[in-house]
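An overview of the molecular structure
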2 protein chains.
Amino acid sequence: MGTTQLETAPEPKYWHLKTVLSDALDSEFAVGEILPNERELAARFGVARATLRQALEQLELEGRLQRRRGVGTTVAPPRVGVAVADAEHAWPGTTEDDWQPVDSAEAAPPAAVALLLGTGRDETTHTVRRTRSSHGRPVATELLYVPASALAGLDIPETAPGPARARAVLRALHRLPLEGQDRAVELGSARADDAKQLDRLPGAPVLLVTTRYFAEGRTAAVAVATYRADTCRLTFGDGDPVGLLAS
Amino acid sequence: MGTTQLETAPEPKYWHLKTVLSDALDSEFAVGEILPNERELAARFGVARATLRQALEQLELEGRLQRRRGVGTTVAPPRVGVAVADAEHAWPGTTEDDWQPVDSAEAAPPAAVALLLGTGRDETTHTVRRTRSSHGRPVATELLYVPASALAGLDIPETAPGPARARAVLRALHRLPLEGQDRAVELGSARADDAKQLDRLPGAPVLLVTTRYFAEGRTAAVAVATYRADTCRLTFGDGDPVGLLAS
DNA sequence: AAGTGGTCTAGACCACCCG
DNA sequence: GGGTGGTCTAGACCACTTG
């Protein structure tokens, strides 16, 4: 009776705001352009700053915006496609790609990785840190875990830590016959160390790519790659066989 | 002098809170168990509710928690692995999988899809909606776009909208010779209609899987699948060639 | 009707970047 | 030092589910 509740469901303010801003980005802003600051935008739309931020967070999640503390909010370029799977299986670091070995050490793998490797937590394991850049920007960081037992008989020179040692571990790995591999992609949030490498704040949304490498009848290595979810589109392409895709 | 600022950088409260809660989930809670409500948790940890929610949001993003309005917050089961890529290329709907055709219509594709198809926005295009379930829960919804011109000469019976029409479009597609395909994965937020199908709120984080199908020298179809990012781990497996993975 | 998570507010302070 | 985004608070009301 008194209830004039004919409107189905009131759209949340931040959701409507996101739509309005998204349209504005398409029509009125150029890539790289800087937006008015949050306090002014909130005032302009007549909402609290927290509400505006909820809309901005969504747009950043979708790769439309880029926010940097102390600087401002800018219009993000379209996501870059980064190739994750080649047509053929290969050990990491064999082909010329845009990965850069950074460092290597011996450490105990996290429990989840130990499970994939089928090793105990106490088994000594080589770790190799690599980072990947695209168009000059860091897009991913990776930790590769190789149980020492998988490299039995292959010598890792006792060099000082650093890229040289990382390359040495990779070279040893390449001597094994790769029998197959396996990938999984899931959403995660950046750990503190990964965030620093990716130039993001801890907790930033990332795409976790877990790769298992099989050799000699066992899981010989596991790689966990952390891609910036805001700027990356992961491509799995045997791709275009006929050269269709222009532009 | 007076500055006793020896601590490097104060960890945000919500970040520390997330760690504490995460450990508690591992040690003190069982899957499916219901947590104390947000007001009580906030009081217990001596923080504002908004701060607690920031921690819970992260844990939900990582698939550790599940929150439902009017019900409560429960401990989420581990993410389910859903196979996205088979060893061989195939049209959608050819193999027996867990996709269910839902409906079909003729509609103009969104601009981004039209670009991938290489068609104008005005070209009539068949759309097929499918949904995918795993363990009885909806995990993904998909929209398949097939330009009418790609199916030239193949008849689509003029049936009423519904699963039958969807299957008819798929059958027509299967008559084309598949020459290749292409995939990309990126982070997105659920549109209102997708969110409803996935039993989530609009804006929920999702993994967008875009597949291009090539036939007869052109892009014959584009599929955009929307996977729940909180509950899904996408697997790309030629997988385990030797049957290693037990458990 | 009671209890839950979801939205929103108006304010404060902090960490960071730059000129 | 001034401006930016990031964190945090203490409240309020709403939408939804369940007994």
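Owing to the predicted nature of the structure, the values given are computational and were not obtained by experimental measurement. (Residues numbered from 1 in each chain as written. Chains lettered and ligands numbered in written order. Predicted model: local features only at pLDDT ≥ 70, side-chain atom pairs only at ≥ 80, totals over all residues. Heavy atoms only, no water.)

Describing the overall build of chain A
Defined as follows: A helix here means a DSSP run of H or I that spans at least four residues, while a strand means a run of E at least two residues long, and both kinds are numbered starting from the N terminus. Two things to know: the radius of gyration comes from C-alpha atoms, and the globule rule equals 2.2 Å times the number of residues to the power 0.38. For each residue, the accessible area found with a 1.4 Å probe, counting protein chains only, is set against the maximum for its type, and the residue is called buried under 20%, exposed over 50%, and partly exposed in between. In this description, contact between two residues means that some pair of their heavy atoms is separated by no more than 4.5 Å.
Tallying secondary structure elements over chain A gives six helices and 10 strands in all. Relative to a compact globule of 247 residues, whose C-alpha radius of gyration would be 18 Å, chain A shows 23 Å and is clearly more extended. In terms of overall dimensions, chain A has C-alpha extents of about 80 × 45 × 40 Å along its principal axes. Within chain A, the fraction of its 247 residues that count as buried is 46%. Here the contacts in chain A between residues at least 6 apart in sequence split such that 65% fall between residues at least 24 apart.

Section: the protein's contact with DNA strand C
Put simply, the rule is: Only heavy atoms are used to decide nearness, and a residue is near a molecule or strand if one of them lies within 4 Å of it. We call two N or O atoms a polar contact when they sit within 3.5 Å, provided that within protein one can donate a hydrogen and the other can accept it, with sequence-adjacent residues counted only if both atoms are side-chain atoms.
In the vicinity of DNA strand C there are 27 residues, among which A:Lys13, A:Ala48, A:Thr51, B:Asn37 and B:Arg49 approach most closely. Of everything in DNA strand C that lies within 4 Å of the protein, sugar and phosphate atoms constitute 66%. Between DNA strand C and B:Asn37, the relevant distance is 2.8 Å, taken from a phosphate oxygen to a side-chain nitrogen or oxygen of the residue. Here a base oxygen of DNA strand C sits 3.1 Å away from a polar atom, N or O, in the main chain of B:Gly70.

What to know about the sheet that holds strand E4 (residues 99-107) of chain B
Put simply, the test is: Any two strands are treated as partners once DSSP identifies two or more bridges connecting them. Axis definition: a line fitted to C-alpha atoms, limited for helices to the stretch in contact. Angles are taken between N-to-C directions and run from 0 to 180 degrees.
The eight strands are arranged E3(A)-E10(A)-E7(B)-E8(B)-E9(B)-E6(B)-E5(B)-E4(B) in an open sheet whose pairing can be described as mixed. A single partner strand is all that each edge strand has here, and the edge strands are strand E3 (80-85) of chain A together with E4 of chain B. Averaged over all pairs of adjacent strands, the angle between strand axes in this sheet comes to 20 degrees, irrespective of strand direction. Sheet analysis places E3(A) next to strand E10 (residues 232-237) of chain A, joined by five bridges and oriented parallel. Bridge assignment links A:Ala85 to a residue of E10(A), and that residue is A:Phe236.

Details of helix H1 (residues 13-28) of chain B
To be explicit about the condition: Expected helix span is computed as 1.5 Å times (number of residues minus one).
When the terminal C-alpha atoms of H1(B) are compared, their 21 Å separation across 16 residues agrees well with the 22 Å that a helix rising 1.5 Å per residue should span. All buried positions along H1(B) are accounted for by B:Tyr14, B:Trp15, B:Leu17, B:Lys18, B:Leu21, B:Ser22, B:Ala24 and B:Leu25. Buried residues in H1(B) make contact with strand E7 (178-189) of chain A together with helix H2 (38-45), helix H3 (49-61), strand E1 (65-68) and strand E2 (72-75) of chain B.

Details of the interface of chain B and chain A
The cut-off we apply is this: A simple way to read buried area is as the amount of 1.4 Å-probe accessible surface that goes missing from two parts once joined, with both sides added. Any Lys or Arg side-chain nitrogen found within 4 Å of a carboxyl oxygen on Asp or Glu counts as a salt bridge. Nonpolar residues are Ala, Val, Leu, Ile, Met, Phe, Trp, Tyr, Cys and Pro. Charged residues are Asp, Glu, Lys and Arg, and all others, Gly as well, are polar.
Each side of the interface is counted separately: chain B has 43 residues, and chain A has 43 residues. Roughly 3,200 Å² is buried in total at the junction of chain B and chain A, and carbon and sulfur atoms are behind 60% of that figure. Along the contact surface separating chain B from chain A lie two salt bridges. Along the contact surface separating chain B from chain A lie 16 residue pairs in polar contact (both at pLDDT 80 or more). Contributing elements (two or more residues each) for the side of chain B that touches chain A: H1, H3, strand E7 (178-189), strand E8 (205-215), strand E9 (218-228) and strand E10 (232-237) of chain B. In terms of residues, the side of chain B that touches chain A owes the most to one element, E7(B), which gives 11 residues. Of the residues belonging to the side of chain B that touches chain A, the class tally is 19 nonpolar, 12 polar and 12 charged.

Some details on the domain arrangement of chain A
Residues and elements named next belong to chain A. Going by this rule: An automatic or database domain assignment supplies the residue ranges for each domain.
Partitioning chain A into structural domains gives domain 1 (11-73) and domain 2 (78-233). On a C-alpha basis, the centres of domain 1 and domain 2 stand 35 Å from each other. Contact with domain 1, which involves seven residues of that partner, is made by six residues of domain 2. Together domain 1 and domain 2 conceal approximately 500 Å² of surface at their shared face, both sides included; 48% is due to carbon and sulfur atoms. The interface formed by domain 1 and domain 2 contains one salt bridge. Here Arg-200 and Glu-60 are joined by a salt bridge, their closest N and O atoms 3.1 Å apart. In this assembly, domain 1 and domain 2 are joined by three residue pairs in polar contact (both at pLDDT 80 or more). Among the elements of the structure, helix H3 (49-61) and strand E1 (65-68) are those that each provide at least two residues to the side of domain 1 that touches domain 2.

Description of the protein's contact with DNA strand D
Around DNA strand D sit 27 residues, and of these A:Asn37, A:Arg49, B:Lys13, B:Ala48 and B:Thr51 come closest. If you look at DNA strand D and keep only atoms within 4 Å of the protein, 68% of those are sugar or phosphate atoms. Between DNA strand D and B:Ala48, the relevant distance is 2.8 Å, taken from a phosphate oxygen to a main-chain nitrogen or oxygen of the residue. Every element with two or more residues in the surface near DNA strand D is listed here: helix H2 (38-45), H3, E1 and strand E2 (72-75) of chain A together with H1 and H3 of chain B. Among the elements that take part in the surface near DNA strand D, H3(B) stands out by supplying four residues, more than any other. Its residues placed into classes, the surface near DNA strand D shows nine nonpolar, seven polar and 11 charged.

Some details on the sheet that holds E7(A)
Strand order in the open sheet formed by eight strands is E4(A)-E5(A)-E6(A)-E9(A)-E8(A)-E7(A)-E10(B)-E3(B), and the pairing between neighbours is mixed. Each end of this open sheet is capped by a strand with a single partner; those strands are strand E4 (99-107) of chain A together with strand E3 (80-85) of chain B. Each adjacent strand pair in this sheet contributes to an overall mean axis angle of 20 degrees, direction not counted.

Considerations on the packing of aromatic side chains
Put simply, the test is: Planes of paired rings set the category: under 30 degrees apart is stacked, over 60 is edge-to-face and the rest tilted, where pairs are Phe, Tyr or Trp rings (Trp by its six-membered ring) whose centres lie within 6.5 Å. Placement of a positive charge over a ring is assigned whenever Lys NZ or Arg CZ falls within 6 Å of the ring centre and within 35 degrees of the normal to the ring plane.
Taken as a whole and assessed by the stated rule, the structure comprises five aromatic pairs over all chains. An angle of 80 degrees between the planes, with centres 6.4 Å apart, marks the rings of B:Trp99 and B:Tyr227 as edge-to-face. Of this pair, B:Trp99 sits in strand E4 while B:Tyr227 sits in strand E9, and the two are 128 residues apart along the sequence. Residue B:Trp99 is classed as buried on the basis of its relative accessible area of 11%. Geometry around A:Trp15 places A:Lys18 over its ring, the cationic atom sitting 4.3 Å from the centre.

With respect to the pairing of strand E9 (residues 218-228) of chain A
All names here are of chain A. Counting buried positions along E9 yields nine of 11 residues, so the element is predominantly enclosed. In the sheet, strand E6 (residues 137-147) pairs with E9 via six bridges, with the strands oriented antiparallel. By the bridge assignment, Leu-144 is partnered in E9 with Ala-223. Across 10 bridges, the pairing between strand E8 (residues 205-215) and E9 is antiparallel. Note that in E9 the partner of Val-206 across the bridge is Arg-228. Between E8 and E9, which pair antiparallel one after the other, the connecting turn spans two residues, and Glu-216 there sits at a positive phi close to 55 degrees.

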